[in-house]
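Residue-level listing of the chains:
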Amino acid sequence: MTELEQVGERWEYAPAPESREIVQLRERYGHYVGGEWLTPTETYTTIAPSTEEALAEVGQGTAADVDAAVGAAREAFPVWGALRPAERAKYLFRIARILQERSRELAVLESLNGGKPIKESRDVDLPLAAAHFFYYAGWADKLEYAFPNSNPRPLGVAGQIIPWNFPLLMLSWKIAPALAAGNTVVLKPAETTPLTSLFFCDVLRQAELPPGVVNIVTGDGRTGAALVEHPGVDKVAFTGSTEVGKEIQRRLAGTGKRLTLELGGKAANVVFDDCALDQAVEGIVNGIYFNQGHVCCAGSRLLLQESIAEQAVEKLKRRLGTLRLGDPLDKNTDVGAINSAQQLAKIQELVASGQEEGAEIFQPECRLPEKGYWFAPTVFTNVAQSYRIAQEEIFGPVLSVLTFRTPEEAVEKANNTAYGLSAGVWTEKGSRILWMAERLRAGVVWANTFNRFDPASPFGGYKESGFGREGGLHGLAPYLELGE
Ligand code: NAI
Ligand code: MG
């Protein structure tokens, strides 16, 4: 054992939980339709994945509930769409401010219902959610300048379906540009993480947003399908699995409804031998263990240049040993709970396939809590490109390590996937960064960093990662009719 490791071992962390008391949960929640709470006909229980504790009863939206919500959005559209753009902007600014003011409540709720570490919901999800509303508030009255000579007009009602990995942040990515452009919205959160979307309805009331401009219907894929198919919806925006994305695209073919899809990924994080290796190791860890790897743009395939592979893997394993797994509400926690039993089963199945196919598994020593859904941070070495763990999206804290010799080989391996959402490059050479960025088939290429987000920068994929962009001006265009 090195001296450094001995020092590291002396650190003990006392529990430092964020108080739950700040959030007032109701026993039951309805659907938010036309500014009122609609009593659901069917309900289910939403839980805390870290303890399996029941948190609240929420509605399982039926076709009738979706119909009521789309009706409310249609009714609100003529007024909202015709409102002076600077007035629309005021509401968005107000929402952004309230998100900031209530960020502690929302961060606790996000960690409770989704399982992510509080330091991530507090320092990443919430600030970015507010930033998206601030950013799009700024564009609401400048659409004529953003899209000159194209008479930008809203589309009508947007049906928006979001996943469970960044519930409130995905809500913000969807709702902020839709409203800035003058559309009204029906949004369906994921079935495992409805609570921050429902809390957001109180934010809307506090902001005095006119009734019907935003409607929230909870429920599972059946509710989502009813929303996609509703004839009163003009545009569908979806973030989730490639499988469901393809299904939605088939359903909408020939209907004239607009569609954007943000689907899965299998990003390559490419590390060259001239990089600052310790920084790269931090970037690799952030790339795949952030949010338990429940990240569509996660750097799940690590491509190491052969000359530094051994050293890099050794550093990485040592770093993994210092990650603290446990209570999502503890401020010291690095790795929280897996979002659901279903997602845990998927991760376990893929990890077992990696072992069967011949990859070598490493997991640091860590005790998994008895209750709830947990998976230890995992690294696979000896991975061949053909293995399922190198091809399929695992969406968990599992990294597959491959090696390369030349930049050409790195590009070829990086692009050898059905996806194309993001990629990372680690090198001291600026020219190499540009050379790589030109050749990597990915919507986002990070250089000497990973998982960096800003509302001004567009995000989206190639190939089976979907189409359309969110963020920036690019993110407004899909919510606008442009041209004659
Ligand atoms: P999913 O695609 O089934 O769920 C995402 C959203 O779509 C949820 O709100 C869900 O209720 C809704 N939905 C499901 N079926 C629908 C349908 N037929 N029509 C309309 N909406 C529907 O994803 P799931 O099952 O939760 O996760 C499976 C895998 O998908 C994950 O393991 C991961 O690999 C990937 N995924 C990718 C995400 C991303 O950010 N790109 C987010 C979530 C999952
Ligand atoms: Mg599904």
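Here the structure is shown first, and the text comes after it.
Residues numbered from 1 in each chain as written. Chains lettered and ligands numbered in written order. Predicted model: local features only at pLDDT ≥ 70, side-chain atom pairs only at ≥ 80, totals over all residues. Heavy atoms only, no water.

> Looking at this structure, how should I read the side chain of Q160?
Note on placement: Q160 falls in strand β6 (residues 157–161). For Q160, the side chain forms a polar contact with the main-chain oxygen of K174, separated by 2.9 Å. When residues no more than four places from it in sequence are discounted, the contact partners of Q160 are K174, I175, A178, V185, V186, L187, K188, L227, A237 and Y479. (Helix = DSSP H or I, 4+ residues; strand = E, 2+ residues; numbered from the N terminus. Polar contact = N/O pair within 3.5 Å; in protein donor to acceptor, adjacent residues only side chain to side chain. Contact = heavy atoms within 4.5 Å.)

> Hey, could you run me through the nonpolar core in this one?
Across soluble globular proteins, nonpolar side chains have a tendency to be buried as a group. Ranked by internal contacts, the top residues of the largest apolar core, which has 108 residues, are L99, F200 and V271. The biggest single contributor to this core is helix α7 (residues 167–180), with ten residues. Sequence-distant contacts of L99, that is, excluding residues within four places in its chain, are made with L106, L126, A129, A130, F133, L168, F200 and V203. With 29 residues, the next largest nonpolar core counts F272, I347, A423 and V425 among its residues. (Core = buried A, V, L, I, M, F, W, Y, C linked by side-chain atoms within 4.5 Å. Buried < 20%, exposed > 50% of the residue type's maximum accessible area, 1.4 Å probe, protein only.)

> It is not clear to me how the environment of D454 should be interpreted in this structure. Could you clarify?
Positionally, D454 belongs in the loop between β17 (444–447) and β18 (466–467). The spacing of D454 and D67 is 387 residues in sequence and 35 Å in space, taken between C-alpha atoms.

> Just to check I follow, could you spell out the environment of L38 for this structure?
With respect to the helices and strands, the residue L38 is situated in strand β2 (residues 36–38). Distance from L38 to V217, taken between C-alpha atoms, is 9.4 Å for residues 179 residues apart in sequence. In this view, L38 contacts G30, H31, V33, D65 and A68; residues no more than four positions away in its chain are not counted.

> Got a minute to help me understand the site of ligand 1 in this structure?
Taken together, the neighbourhood of ligand 1 is formed by 28 residues, with W164, E191, S241, K346 and E393 sitting nearest. With respect to ligand 1, the side chain of N165 contributes an N or O atom lying 3.4 Å from an oxygen atom. Residue K188 places a side-chain N or O atom 2.9 Å away from an oxygen atom belonging to ligand 1. Its free accessible area being 810 Å², ligand 1 has 88% of it covered by the protein chains. (Near = heavy atom within 4 Å. Areas by Shrake-Rupley, 256 points an atom, 1.4 Å probe, with all protein chains shown as cover.)

> Please clarify how the packing of aromatic side chains should be interpreted in this entry.
Taken as a whole, this structure holds 14 aromatic pairs when the rule is applied. Judged by centre distance (4.8 Å) and plane angle (50°), the rings of W446 and F450 are tilted. On the accessibility criterion, W446 (7% relative accessible area) is buried. These aromatic residues form a ring-pair network of at least three members: W173, W446, F450, F453 and F459. One residue, K235, lies across the ring of Y479, its end atom 5.0 Å from the ring centre. Above the face of the F272 ring, R432 is positioned so that its terminal group lies 4.5 Å from the ring centre. (Phe/Tyr/Trp six-rings, centres within 6.5 Å; stacked < 30°, edge-to-face > 60°. Lys NZ or Arg CZ within 6 Å of the ring centre and 35° of its normal.)

> What am I meant to see in the sheet that holds strand β13 (residues 360–362) here?
The strands making up a sheet are joined through hydrogen bonds of the backbone, oriented either antiparallel or parallel. Here we have seven strands laid out as an open sheet, ordered β13-β14-β15-β12-β11-β16-β17, and mixed in their pairing. Across the chains shown, the open sheet's two edge strands, defined by having one partner strand only, are β13 and β17. The average angle at which neighbouring strand axes cross in this sheet is 20°, direction not considered. As paired elements, strand β11 (residues 268–271) and strand β16 (residues 422–426) share four bridges and run parallel to each other. (Pairing = 2+ DSSP bridges. Axes fitted to C-alpha atoms, helices over the stretch in contact; angles between N-to-C directions.)

Any functional reading would require information beyond the geometric quantities listed.
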